[in-house]
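One letter stands for each residue in the lines below.
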Amino acid sequence: MSQDINCDLMVIGAGIAGMAAAAFATARGISVVQAGLATTTMFASGCFDLLGVSPEYPGRSCEKPFEAIDALRNVNSAHPYARLQNDEIRTAFDEFLSFCRESGLEMHCRPEVNMHFATPVGTVKTTYAVPASLLHGVHALSSQTPCLLADVKGLKGYSARQVAFMLDGQLPVTDVVRLSFPGFEDKADVYVRQMALAMENSRIRNEFVARLLPHVGEAQAVGLPAMLGLSRCREVLRAVQDGLGVPVFEIPTMPPGVAGERMKLALDEGLRMRGVRILNRRNVLDVQVLEDGFRLEVGSEWPEYVVQSKAVLLASGRFLGKGLVAKRTGVEELLFNIPVSQPESRDKWHEDAFFAEGGHAINRAGIVSDNDFRPMDRQGKPVHENLFAAGAILANQDWMREKSGTGIAVCSAYHAVCTLVRNLEFKQSGE
Ligand SMILES: Cc1cc2nc3c(=O)[nH]c(=O)nc-3n(C[C@H](O)[C@H](O)[C@H](O)COP(=O)(O)OP(=O)(O)OC[C@H]3O[C@@H](n4cnc5c(N)ncnc54)[C@H](O)[C@@H]3O)c2cc1C
């Protein structure tokens, strides 16, 4: 027997676009049901990109994302950012950051300016907002703070020595050290999730700090792999800093690390507190488009819930999220059968050169929408006045190359929700 649920908005997707849409909608008094898996979010670095590369200088990171967005509009009028004014982008991002704070996820940004932090391979990544655990690393890079970098015996894919070597000249490293993690001394392999959980135990944490302290020496900050707690990261970070007597920062580990899980845990809790009905680890299996709304069957394998909703926001991602599926004959969106903008044949998906300057056409495939992010049908008309799309599933953007993943997700979700609010108010006042 399936359970019936009624709501104003069904959000399909539990990635950043889906979570942002649910937060924006509840703030405006709209009842929300959300379904989806945590897949892509688990791979994320925990940072929020807005636009990290300007089309004027491809392949180089940019300092001023809003100037880069202006340039992007000039060269790509079909880009999702071209449907938005900069002030709306600012408002959307600010509101999302407030929701993060309310959920216990402390994010930091320097308004209007991008930030830079070290990656696990020793390169420097550009982003717009970082979690508190990365903040001192951003300061260390920009102010050339002498740092100690540490790693852990048995941790694969992360080497403090390699990070220091690659960052040579960009970050003064006083020393690198490899420590045994308390309790895991005999293990050939250790994992960041295990260590992050263990660091929430004060006895283990104190022992780890005691092993690290003698190496601090002249260093004015200490960089560790991202392992400082899972849901209690703030508390762990503070305790480690107090124990070492210098600022401490994390360097993200190779995905999947703990940063994505931390973000998901916090934001899901924030959404629950706002009253979102989260159908965790459930997919929308089937949809019927009705004249005045939608009927959706939701479950893992069979329909456990039947949701009647006035509106739907499709935030099901691209290939990793499974919003788009690549078949031999082309790329398809399977839930609503919305046409997908894509290269005319498979042999045009990729350029010959892997690092082709303009990227690969397949990475710009997606759903074409009107200016309010309503997907278009084959006749070029909105599929339904209250069906919206947001995030990676949108066409004409290459978020990975542009470094715009969270920005596009959050801002398209914001605009779609604001349009929905107007539609619902208009309907109410007309009745
Ligand atoms: C390795 C990696 C690193 C990244 N690093 C960064 C970074 O540093 N900064 C940044 O800003 N962004 C980063 N991103 C991008 C970011 O995580 C998001 O992918 C991006 O913002 C788009 O999010 P989205 O919500 O549109 O889609 P996704 O995150 O792909 O989410 C899609 C959601 O839809 C759900 N779904 C699909 N089909 C259905 C269905 N039938 N029913 C219900 N649910 C369904 C999926 O389960 C999933 O929950 C990274 C991504 C990856 C993969």
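Please read these numbers as outputs of a predicted model, since none were measured by experiment.

Asker: I tried to follow the overall build of the chain on my own but got confused; where do I start?
Answerer: Regarding its fold elements, the chain presents twelve helices and 19 strands. Seen along its three principal axes, the alpha-carbon backbone of the chain occupies a region of about 70 × 50 × 40 Å. Every one of the 431 residues in the chain was classed for burial, and the buried ones make up 54%. Restricting to contacts in the chain with at least 6 residues of sequence separation, those with at least 24 account for 66%. As displayed, the chain offers around 19,500 Å² of accessible surface, 50% of which is attributable to carbon and sulfur atoms. Taking the average place of the 44 positive charges on the side chains of the chain and the average place of its 50 negative ones, the gap between the two points comes to 3 Å.

Asker: Hey, could you run me through the layout of surface pockets in this one?
Answerer: Once rolled over the atoms, a probe with the size of a water molecule shows which space is left empty. Each pocket or cavity is described by its volume, and for the second largest pocket that value is around 390 Å³. If you tally residues by element for the lining of the second largest pocket, the top one is helix α10 (residues 259–273), at five residues. The class makeup of the residues in the lining of the second largest pocket is 14 nonpolar, six polar and six charged. Looking at which domains feed residues into the lining of the second largest pocket, each of domain 1 (3–105 + 261–318 + 382–430) and domain 2 (107–255) gives three or more.

Asker: In this structure, what is going on with the sheet that holds strand β9 (residues 221–225)? I would like to understand it.
Answerer: What links the strands of a sheet is backbone hydrogen bonding, and the strands pair in either a parallel or an antiparallel sense. An order of β8-β7-β9-β10 is seen for the four strands of this open sheet, with the pairing classed as parallel. In the strand order of this sheet, the two ends are held by β8 (173–179) and β10 (248–251), each with one partner. When strand polarity is set aside, the average angle formed by the axes of neighbouring strands in this sheet is 25 degrees. Examined bridge by bridge, β9 and β10 share four bridges and lie parallel to one another. Counted as the bridge partner of Gly223 is Phe249 from β10.

Asker: Help me out: how do you make sense of the packing of aromatic side chains in this one?
Answerer: In this description, a pair of aromatic rings is defined by centroid distance and the angle of the planes. Under the definition given, this model contains nine aromatic pairs. A centroid spacing of 5.2 Å and a plane angle of 85 degrees characterise the contact between Phe24 and Tyr414, whose relative ring orientation is edge-to-face. Of this pair, Phe24 sits in helix α1 (residues 16–27) while Tyr414 sits in helix α12 (residues 405–430), and the two are 390 residues apart along the sequence. Look at Phe93 and Tyr128: their rings are 5.3 Å apart centre to centre, the planes differ by 85 degrees, and that puts the pair in the edge-to-face class.

Asker: How should the pairing of β8 be read in this particular structure?
Answerer: Two faces belong to every sheet, and in a regular strand the side chains alternate between them. Bridge count between strand β7 (residues 147–152) and β8: six bridges; the pairing is parallel. Along β8, the bridge assignment pairs Leu148 with Asp175. With helix α6 (residues 160–166) bridging β7 and its parallel neighbour β8, the resulting β-α-β unit is right-handed.

Asker: Teacher, can you tell me more about the site of the ligand here?
Answerer: Taken together, the neighbourhood of the ligand is formed by 32 residues, with Leu37, Ser45, Val284, Ala392 and Thr406 sitting nearest. Measuring from an oxygen atom of the ligand, one finds a backbone N or O atom of Leu37 at 2.5 Å. Between the ligand and the protein, one listed contact pairs an oxygen atom with a backbone N or O atom of Gly405 at 3.1 Å. The fraction of the free accessible surface of the ligand (990 Å²) that becomes covered by protein chains is 90%.

Asker: Explanation requested: the domain arrangement of the chain in the structure shown.
Answerer: Buried accessible area, meaning the area lost when the parts come together, often serves as the stated size of an interface. Domains assigned within the chain are domain 1 (3–105 + 261–318 + 382–430) and domain 2 (107–255). On the side of domain 2, 27 residues touch domain 1, which itself brings 26 residues to the contact. Between domain 1 and domain 2 lies a buried interface of about 2,000 Å² when both sides are counted; carbon and sulfur atoms form 54% of it. Its largest share of buried area at the contact with domain 2, domain 1 owes to Cys47, Glu63 and Arg262, together 28% of the area lost on that side. The tally of links between domain 1 and domain 2 comes to four salt bridges.

Asker: What am I meant to see in the packing of α1 against α10 here?
Answerer: Packed helices, taken two at a time, are described by their axes: the angle between them and the distance between them. One way to put it is that α1 packs onto α10 with a least axis distance of 10 Å and a crossing angle of 25 degrees. Judged by the inter-axis angle, α1 sits roughly parallel to α10. Considering how the two elements wind past one another, α1 and α10 form a crossing that is left-handed. Where α1 approaches α10, its residues Ile16, Met19, Ala22 and Ala23 are matched on the opposing element by Met263, Lys264, Leu267, Asp268 and Leu271. Looking at the contact of α1 with α10 residue by residue, the classes come out as seven nonpolar, no polar and two charged.

Asker: Explanation requested: the pairing of β9 in the structure shown.
Answerer: Counting buried residues along β9, five of its five residues qualify, which places the element largely inside the surrounding structure. In terms of strand pairing, β7 meets β9 through three bridges, oriented parallel. Following the sheet pairing, Leu149 is matched in β9 by Gly223. Crossover connection from β9 via helix α9 (residues 233–244) to parallel β10: handedness right-handed.

Asker: Before we go on, may I ask you to explain the pattern of salt bridges in this structure?
Answerer: Going through the model one piece at a time under the given rule, you end up with 24 salt bridges. For the salt bridge of Glu185 with Arg211, the shortest nitrogen-to-oxygen distance reads 2.7 Å. One end of the pair, Glu185, is in the loop between β8 and α7 (192–198); the other, Arg211, is in helix α8 (residues 202–212), and 26 residues separate them in sequence. In this structure Glu185 comes out as partly exposed when scored by relative accessible area, which is 31%. Note on Arg211: relative accessible area 24%, which makes it partly exposed. Between Glu261 and Arg193 there is a salt bridge, and its shortest N-O distance comes to 2.7 Å. Of this pair, Glu261 sits in helix α10 while Arg193 sits in helix α7, and the two are 68 residues apart along the sequence. Overall, the relative accessible area of 40% leaves Arg193 in the partly exposed class. It is possible to trace a salt-bridge network through shared partners that takes in Asp87, Arg90 and Glu112.

Cut-offs applied
Residues numbered from 1 in each chain as written. Predicted model: local features only at pLDDT ≥ 70, side-chain atom pairs only at ≥ 80, totals over all residues. Heavy atoms only, no water. Helix = DSSP H or I, 4+ residues; strand = E, 2+ residues; numbered from the N terminus. Buried < 20%, exposed > 50% of the residue type's maximum accessible area, 1.4 Å probe, protein only. Contact = heavy atoms within 4.5 Å. Areas by Shrake-Rupley, 256 points an atom, 1.4 Å probe, with all protein chains shown as cover. Lys, Arg positive; Asp, Glu negative; His and termini not counted. Charge placed at Lys NZ, Arg CZ, Asp CG, Glu CD. 1 Å grid on protein atoms, 1.4 Å probe; cavity = no way out; pocket = protein on both sides within 12 Å on 5 of 7 lines; lining within 4 Å. Points joined across faces, edges and corners; volume = space filled by probe spheres on them. Nonpolar A, V, L, I, M, F, W, Y, C, P; charged D, E, K, R; others polar. Domains from an automatic or database assignment. Pairing = 2+ DSSP bridges. Axes fitted to C-alpha atoms, helices over the stretch in contact; angles between N-to-C directions. Phe/Tyr/Trp six-rings, centres within 6.5 Å; stacked < 30°, edge-to-face > 60°. Right-handed = clockwise from strand over helix to strand, strands pointing away. Near = heavy atom within 4 Å. Polar contact = N/O pair within 3.5 Å; in protein donor to acceptor, adjacent residues only side chain to side chain. Buried area = accessible area lost by both parts, 1.4 Å probe. Salt bridge = Lys/Arg side-chain N within 4 Å of Asp/Glu carboxyl O. Parallel < 35°, antiparallel > 145°, perpendicular 65-115°, else oblique. Left-handed = near helix turned anticlockwise from the far one by under 90°.

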